[in-house]
Amino acid sequence: MIEYNDDKRIFTIHTKNSTYQMQADGFGYLLHLYYGRRTLGVTDWALSYVERGFSVNPYDAGNDRTYSLDVLPQEFPSQGTGDFRSTMLNVHDESGTYGCELRYVGYEILTGKYSLSGLPAVYANDNDEAGTLIITLSNERLGLTAKLLYGVLPEKDIITRSAIITNDGKNPFTLTKLLTSCIDFTHGDFDLITFHGRHAMERNFERTHLTHGLFTIGSRRGMSSHQYNPFMILCEHNATETSGNCWGMQFVYSGGFRAEAELEQYGQTRLMMGLAEEKFSYTLKPGESITAPEVIMTFSSQGLEKLTHNFHDCLRKNICRGKFRDIQRPIVLNSWEALYFDFCGEKIIDMAKCAKSLGVDMFVLDDGWFVGRNDDNHALGDWTEDTEKLGGTLGELVGKINAMGLSFGLWVEPEMISENSRLYREHPEWAMSIPGENPVRGRGQLVLDLSRHDVREYVYRSIAKILDGANVEYLKWDYNRSINEVYSHSSQCQGKIIYDYMLGLYEVLERINTNYPDVLIEGCAGGGGRFDAGMLYYTPQIWTSDNTDALDRMSIHYGTSFGYPVSAMAAHVSVCPNHQTGRITPLNTRYVVSMSGAFGYELDPVKLTDDEKNEIRRQIQSYKNDREIITDGLYYRLSHEDFFAWEHVSRDGS
Ligand code: DGJ
């Protein structure tokens, strides 16, 4: 699956249906040759050497003006090499001097898939499933070493990339841009497909014909965001669901990101993805490293449908982990739209009893269950149950619900802090805020500084206490604002915080996954504001959107389906008129839309008519009959223009 041709210093990665090729050329520059339909040949035809005005030449090329990194396709283009396109790596030394030319040093080919310390990444289920290629580049002046990591899952047509940048020199240097993946195309007429949105209307499909210039999407919010999903597809201009070449890139990271497509002077296209540049200024002292979060890539010569299937298979079996990867998830009844903050223990018991009689598996108590939390301005950070409101301890309430034969889930928002909380009064320095300035509030709350060890310890212990004190089998892990103040009261290097925050979050989630393997975590960020492969590594399903309107959900699910499997999309039937849009739709329509997901209800079952209750009983039964095909089968988009239609097909085609 990974080959090295010593004569020509060519590296080839084969998957079942694709080939990826690169070459360390005579000057030691790592050039990209090819990514496309599987081929057995050498693809150095991609390289053309022609003198081009104002494209500068490396010193080593002497008087040869036909050699320029400004036009040659590259694997890891860095700033200051004579490549004036957008680059992946921008570095400056202590004097502020930019530039970092990278030359080839060596390679390693390993069996199995590399993993990334502290970051989520695609994993192999056994060593035969995957291979790893590591190519080392270096810059002598800075003492900078770049290890480029390539993972390959040949049967799944998946290639992954990451990079580890290390300071092997004597003086510090600072990274101001670090992307993970780049594909340079020397020719082609392309469309770019991206997924934009906003709160309660995420991942709208948008297809744009690429014209000259730099097209970028991204997030500066410290979260992958509702506004742009960290996923994009480049496809031939005439590609369809079932024909044409398409390339996809998906970021395995939940913080800010940047994705770029640049059509340059000679009609060549550069496609890149990686960390957001904004508020990122990462100084590496001698001996220190930083890892570029992983990008998953796939290629399909059979249109968008095949590309989608490749991503679905990879995310389902090589990103999602734990026992909930393979077993059917509980059908939940969530209290949010039924009760908001206004409830008592008795009401919960009534709802749970009724939910049980309909066939629901789990009752999920959403926001409002802890002391002081009767609106969204209070108490985040103080995770003590409100025994008065609940009519006893959380453990007692869960006990009663379990006795009915229902399991129990609970909402938490562990990364946040309300100023009106005990925690804030005791530890104002744990909130991200810039000294001397008032912080910007989001939903009336501030963000906890997860780059700090003491904060991570507090967050973990708070969650562990809840899980130890009551039989909570599911957590809805919410996150309801963007990060604005990228400042840690305990750091000397504020440019590191935006990245270190995310490492901190992943550390806490990993610890909970490890110590509580029977607890299912559902990701959530005001609906689908952090719907990404990074979160799916820890939380195998994510609340897709706060918009539960069936018609809006069809386009949200349509967009989401390009990169993410149905098993990841939590979807609930809610009441009519819909709370977000006021629209009235038949109960059956709401069911048909929600059943294409990790299914549940978000309503007060006590208020249903007998006819509605009977219909819901039938829905639950029908979902249980079909859910294996829905969550593990193949998903086909049939139509999205005049009407939406989609199809689930069992793996054996029956
Ligand atoms: C935002 C979530 O997306 C909702 O489903 C709900 O859990 C609220 N937060 C609770 O505050």
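Data block above holds the structure.
Overview of the structure. (Residues numbered from 1 in each chain as written. Predicted model: local features only at pLDDT ≥ 70, side-chain atom pairs only at ≥ 80, totals over all residues. Heavy atoms only, no water.)

## Comments concerning the sheet that holds strand β11 (residues 190-198)
The antiparallel open sheet is built from 9 strands, whose spatial order is β6-β7-β8-β9-β19-β15-β14-β11-β12. Of all strands in the sheet, those with a lone pairing partner are β6 (103-111) and β12 (201-209), marking the two edges. When the angles between neighbouring strand axes are averaged without regard to direction, this sheet yields 20 degrees. Relative to strand β9 (residues 158-167), strand β8 (residues 144-153) runs antiparallel, the two sharing 10 bridges. From the neighbouring strand, K147 faces β9, where its bridge partner is I164. (Pairing = 2+ DSSP bridges. Helix = DSSP H or I, 4+ residues; strand = E, 2+ residues; numbered from the N terminus. Axes fitted to C-alpha atoms, helices over the stretch in contact; angles between N-to-C directions.)

## Comments concerning helix α12 (residues 610-632)
Here α12 is 23 residues long and its end C-alpha atoms lie 33 Å apart, about the 33 Å a rise of 1.5 Å per residue gives. At D626, α12 shows its largest bend, some 60 degrees. Against α1 (303-318), α3 (345-358), α11 (587-594), β29 (598-602) and β31 (645-649) lie the buried residues of α12. (Expected span 1.5 Å × (residues − 1). Bend = angle between axes of the 7 residues up to and from the residue. Contact = heavy atoms within 4.5 Å.)

## Thoughts on the nonpolar core
Judged by nonpolar contacts, the single largest core of 182 residues is most densely connected at F76, L175 and W369. Among the elements that make up this core, the one with the highest residue count is helix α8 (residues 497-515) (10 residues). Among the nonpolar cores identified, the runner-up in size contains 10 residues, and L33, Y34, L47 and L69 belong to it. (Core = buried A, V, L, I, M, F, W, Y, C linked by side-chain atoms within 4.5 Å. Buried < 20%, exposed > 50% of the residue type's maximum accessible area, 1.4 Å probe, protein only.)

## Details of the packing of α3 against α12
Relative orientation of the contacting elements α3 and α12 amounts to 60 degrees, with a least axis distance of 8 Å. Judged by the inter-axis angle, α3 sits oblique to α12. Contacts between α3 and α12 involve C354, S357 and L358 from the former and K613, I616, R617 and I620 from the latter. When its residues are assigned to classes, the contact of α3 with α12 shows 4 nonpolar, 1 polar and 2 charged. (Parallel < 35°, antiparallel > 145°, perpendicular 65-115°, else oblique. Nonpolar A, V, L, I, M, F, W, Y, C, P; charged D, E, K, R; others polar.)

## Examining the packing of α11 against α12
Relative placement of two packed helices is described by the angle separating their axes and the distance separating the axes. Remark: α11 packs on α12, axes separated minimally by 11 Å, with the N-to-C direction vectors making an angle of 20 degrees. Between α11 and α12, the crossing angle belongs to the class labelled roughly parallel. In this structure, α11 crosses over α12, and the sense of that crossing is right-handed. Contact residues: α11 offers L587, N588 and Y591, while α12 offers E612, E615, I616, Q619, S622 and Y623. Partitioning the contact of α11 with α12 into residue classes produces 4 nonpolar, 3 polar and 2 charged. (Left-handed = near helix turned anticlockwise from the far one by under 90°.)

Function cannot be inferred from these measures alone, as they are strictly geometric.
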